[in-house]
Amino acid sequence: MNTPADRRTGPAGGGQGAASGADDRRAVTGKRSIAFAAWADEDRMPGLLVLLRSLALNDPAVCEDFLVLHPGLPDSTFDAARRLHPRLVPRRAESRLDVFRETGYDTVVALGADMVVLGSLRPLLALRTGVAAVPQPGPGGERTVRDDGLLVIQRQDVTDALLDALAADGEGAVDRALTEAGVLEPLGSRYDVPAGGPGDDTPVPGSTVVLHLGEDPAPGTPAHEARERHELDDEAFRAAYCALPGPTHPELLLHCALPFPEGGRTPVDLVRRVAEVHRQQGRYDEAVALLTPAVRDRPDLPRCHETLGICLMALSRYEEAEAHLLLATVSPDIAARAYGQLARLAWLTGRDEDAHTYAREGLDADPADGNCHAWHVRTSPAPVPATKTDPVAAHEQLAHVALFADGQENAGDKVLPEAVRMCFGPDTGPARWHERSVHRLVDGPGLEELNARRGIVVGGGGLFLPDTAPNGNSGWQWNIPDGLLDRITTPLAVFAVGYNVFDGQRYRRERFAESLRALVAKSSFFGLRNHGSVERVRELLPEELRERVRYQPCPTTVARHLDPGPDDGAGRDDTVLINCAYDRAGLRFGHDYGHFLAETAAAVRAIGERAEVRYAAHMPADERFVHDLRREHGTALPVEPLYLFSNDRIRELYRRTRLVIGARGHAGMIPFGCGTPIISLVSHPKLAYFLADIDRPDWGVSVHERSLGTRLAERAAHVLDDHAAAVADVHGRQEHLWSVTRDNLTALQELFGLPDPFAARPAPQVPGPRAAEPARGLHLPDTRTK
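Residues numbered from 1 in each chain as written. Predicted model: local features only at pLDDT ≥ 70, side-chain atom pairs only at ≥ 80, totals over all residues. Heavy atoms only, no water.

1. Here's the deal with the sheet that holds strand E6 (residues 131-133)
Here is step 1 of the chain: Strand order across the open sheet formed by 7 strands is E3-E2-E1-E4-E9-E6-E10, with mixed pairing between neighbours. Edge strands, defined here as strands with exactly one partner in the open sheet, are strand E3 (88-92) and strand E10 (184-186). Adjacent strand axes in the sheet meet at a mean angle of 25°, parallel and antiparallel pairs treated alike.
Here is step 2 of the chain: Here E6 pairs with E10 via 3 bridges, running parallel. Residue Val-131 lies in a different strand from E10, and its bridge partner there is Leu-184. (Pairing = 2+ DSSP bridges. Helix = DSSP H or I, 4+ residues; strand = E, 2+ residues; numbered from the N terminus. Axes fitted to C-alpha atoms, helices over the stretch in contact; angles between N-to-C directions.)

2. Side note on the packing of helix H16 (residues 335-348) against helix H18 (residues 370-378)
Here is step 1 of the chain: Contact geometry for H16 and H18: axes closest at 9 Å, N-to-C directions at 30°. Here H16 is positioned roughly parallel relative to H18, judged by the angle of their axes. The chirality of how H16 crosses H18 is left-handed. Residue-level contacts link Ala-336, Tyr-339, Gly-340, Gln-341, Ala-343, Arg-344 and Trp-347 of H16 to Asn-371, Cys-372, Trp-375 and Arg-378 of H18. (Parallel < 35°, antiparallel > 145°, perpendicular 65-115°, else oblique. Left-handed = near helix turned anticlockwise from the far one by under 90°. Contact = heavy atoms within 4.5 Å.)

3. Considering the packing of aromatic side chains
Here is step 1 of the chain: Tallied over the entire structure, the rule returns 22 aromatic pairs.
Here is step 2 of the chain: Relative to Phe-596, the ring of Phe-589 lies with its centre 5.0 Å away and its plane at 40°, an arrangement referred to as tilted.
Here is step 3 of the chain: Through successive ring pairs, a cluster of aromatic residues spans Phe-464, Trp-476, Trp-478, Tyr-499, Phe-512 and Phe-526.
Here is step 4 of the chain: For the cation-ring pair, Arg-378 lies above Trp-375, with the distance from its terminal atom to the ring centre recorded as 4.5 Å. (Phe/Tyr/Trp six-rings, centres within 6.5 Å; stacked < 30°, edge-to-face > 60°. Lys NZ or Arg CZ within 6 Å of the ring centre and 35° of its normal.)

4. Structural notes on the pattern of salt bridges
Here is step 1 of the chain: Scanning the entire structure with this criterion turns up 51 salt bridges.
Here is step 2 of the chain: Arg-283 is paired through a salt bridge with Glu-286; the nearest N and O atoms lie 3.6 Å apart.
Here is step 3 of the chain: For Arg-614, the salt bridge identified is with Glu-612, shortest N-O distance 2.7 Å.
Here is step 4 of the chain: Where salt bridges share partners, they join Asp-467, Asp-583, Arg-584, Arg-588, Asp-622 and Arg-664 into one cluster. (Salt bridge = Lys/Arg side-chain N within 4 Å of Asp/Glu carboxyl O.)

5. A word on unusual backbone geometry
Here is step 1 of the chain: Residue Leu-258 is joined to Pro-259 through a cis peptide bond whose omega torsion reads -5°.
Here is step 2 of the chain: Take Pro-259: it is sitting in the loop between helix H11 (250-257) and helix H12 (268-280).
Here is step 3 of the chain: For the bond running from Gly-459 to Gly-460, omega is 0°, close enough to zero to count as cis.
Here is step 4 of the chain: The residue Ser-316 is not glycine, and still its phi comes out positive at about 65°.
Here is step 5 of the chain: Counting through the fold element by element, Ser-316 comes out in the loop between helix H14 (302-314) and helix H15 (318-328).
Here is step 6 of the chain: According to the relative accessible area criterion, Ser-316 is buried, its value standing at 15%. (Buried < 20%, exposed > 50% of the residue type's maximum accessible area, 1.4 Å probe, protein only.)

6. Here we look at the environment of Arg-546
Here is step 1 of the chain: Relative to the assigned elements, Arg-546 resides in helix H24 (residues 543-546).
Here is step 2 of the chain: Residues Arg-546 and Arg-517, spaced 29 residues apart in sequence, show a C-alpha to C-alpha distance of 9.6 Å.
Here is step 3 of the chain: In this view, Arg-546 contacts Arg-538 and Leu-541; residues no more than four positions away in its chain are not counted.

7. Considering the pairing of strand E1 (residues 34-39)
Here is step 1 of the chain: Burial within E1 is extensive, with 6 of its 6 residues counted as buried.
Here is step 2 of the chain: Burial along E1 is two-sided: Ile-34, Phe-36 and Ala-38 facing one way and Ala-35, Ala-37 and Trp-39 facing the other are all buried.
Here is step 3 of the chain: In the sheet, E1 pairs with strand E4 (residues 107-110) via 4 bridges, with the strands oriented parallel. Within the sheet, the bridge partner assigned to Ile-34 lies in E4 and is Thr-107.
Here is step 4 of the chain: Two elements, E1 and strand E2 (residues 65-70), share 5 bridges in a ladder whose sense is parallel. Note that in E2 the partner of Trp-39 across the bridge is Leu-69.
Here is step 5 of the chain: Taking the sense of rotation as the criterion, the β-α-β connection linking E1, helix H4 (residues 45-58) and E2 turns out right-handed. (Right-handed = clockwise from strand over helix to strand, strands pointing away.)

Below is the structure:
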């Protein structure tokens, strides 16, 4: 797929630089690509600069690609514009109307170089249908769309007939074409307010979002003053943007703040804000480089020390990080937060007593701090068992390196480690397994503990993710330096791990790629949980290592085979469970969260006529969906707090329901493994990857899908109306996953010298699905609604 990111042009710091390092999987998730656009020839370039400044200063949290259509101007013509916007995309075109043609974007907001933005355009980015415009009063009293007016174009609704109508000569082509095509979506007048004649002294309405100047207004008029406020030189513009209160877009902030002027004293708060952007985007070394000189001999900057400490911890520079976090605890406002980070740092480095002490000090600072409470509980001494058991010889155990959730953490991360262990036998407890959190630093003593076991199993789960628990040793979640990885002497198996990078997420690939190469070379078995992950990881490996990467489904998807329970058709409740996820919500939903919420509300109402709809919360944060649904659409759902349930109760809940509609990966994989039909709300590539593996892309609907509510309701009705067939389909899809798993386990049992716990059951030999590639068609236009 030729994506907008592939087509961006410009020097580093411009469009291409902004796109570098960002994962782009819109072809899989269906996420809309959005751009602003304006036509500019040489005479209109000054107006374009005013437009860009006004957009940044009056809508500072928005930064989409800005497409500049031009008649063939030299590239140097756009240098001034590039200094104002980090994602400028010049494109040669015949006229402004080329904005209707294929641009590579799903939604284009067409502005004019004679416009000034005075308010937020965010509501326009959320529009989903037709071509939106402001009909203006005409001479005869009729309202028409001006050819040069603001437009919000949905590429999906631009037909060949509309393009032919636009090609007709004469004024009013846009109005005629939109009217004949029936795609005009009227906008409120505030989005395109005409300024009147050059000498018009009519005040600009306070509700104006876009002021359309037309001819140059006369000095002293309100329209001229609105434009003049945005005629700034570069230095004044950058200073004005950096001084804005409230949220700013990270790319725009970096573009305007950097490089800091030499010789001058940059406000320390601005240094910290820029460092925070670097931290959020995974550029921890750059954040450290900015903050280190800023805090030198300045113990009175606790917030800066907090950010610096967190970044140093992400680089695995733990001693330095601890020193700066301790300096941050002097501020009552952030003391508990800093102590929580200190508790985590101490735990990462194997100092549980220190972690417990830090957590207690954090609770002294703020008894309601949830993070400190969690660390206090986690690091409390384990109770002494009532009866003593004989110690287990280390060489009889397998080491399990994984993310082990506890407390009110992700329910999927509680079920998954147990499912991995069930692949090797029914005993999943400490007698058989030596547990090692993937996030804790592997040091010399830790390496000895691992090497003492008969083997090491790393996984499963989406451990190839750069920011859940960043470390400078590997660039992914296993906190092991390359030198210690090389000293592993016991067999090492990477089992059902996933490449979990979000669509649009930026991360530094260099350290991750180096660590990945060392890991694959060291592993005796390297299995990833979907073919999408296999392909992504192979892209980062040299050719001689690529074939060592194999497919190993997530063991939660074959739970029926690991622990056969009651018959799948018996005792189901007349319920449908729905789940949503909110981690990295901006990457999941883009500008479509309001659309997603409205469409799922409609689907919930429709499905509720057939079965009781309940909400399955994998984490407390997931319950935002229930609150938003009730507040925005008056629909209330009872909540099943899975984060409080035992693993058996989670599986039982999913086994007893008739259908699960889930946005989390394990809100699909766990019920599927229990034999329950699923519909995936695709907001992350991994959900589409799983559906592709089982050759059921139609079981997924993109959260960006225009007709999401209708599609969900129709799919749910199909499942509920013929539930027995839907369950049978799940069973059939599962057989191939179990066949692959059995083959892999045979190799692993030989590797670790273990008996086959499933020997009494014949291993199935099931052909794979017809396609093992990223799911197709999740976000294609639904022609039924046109």
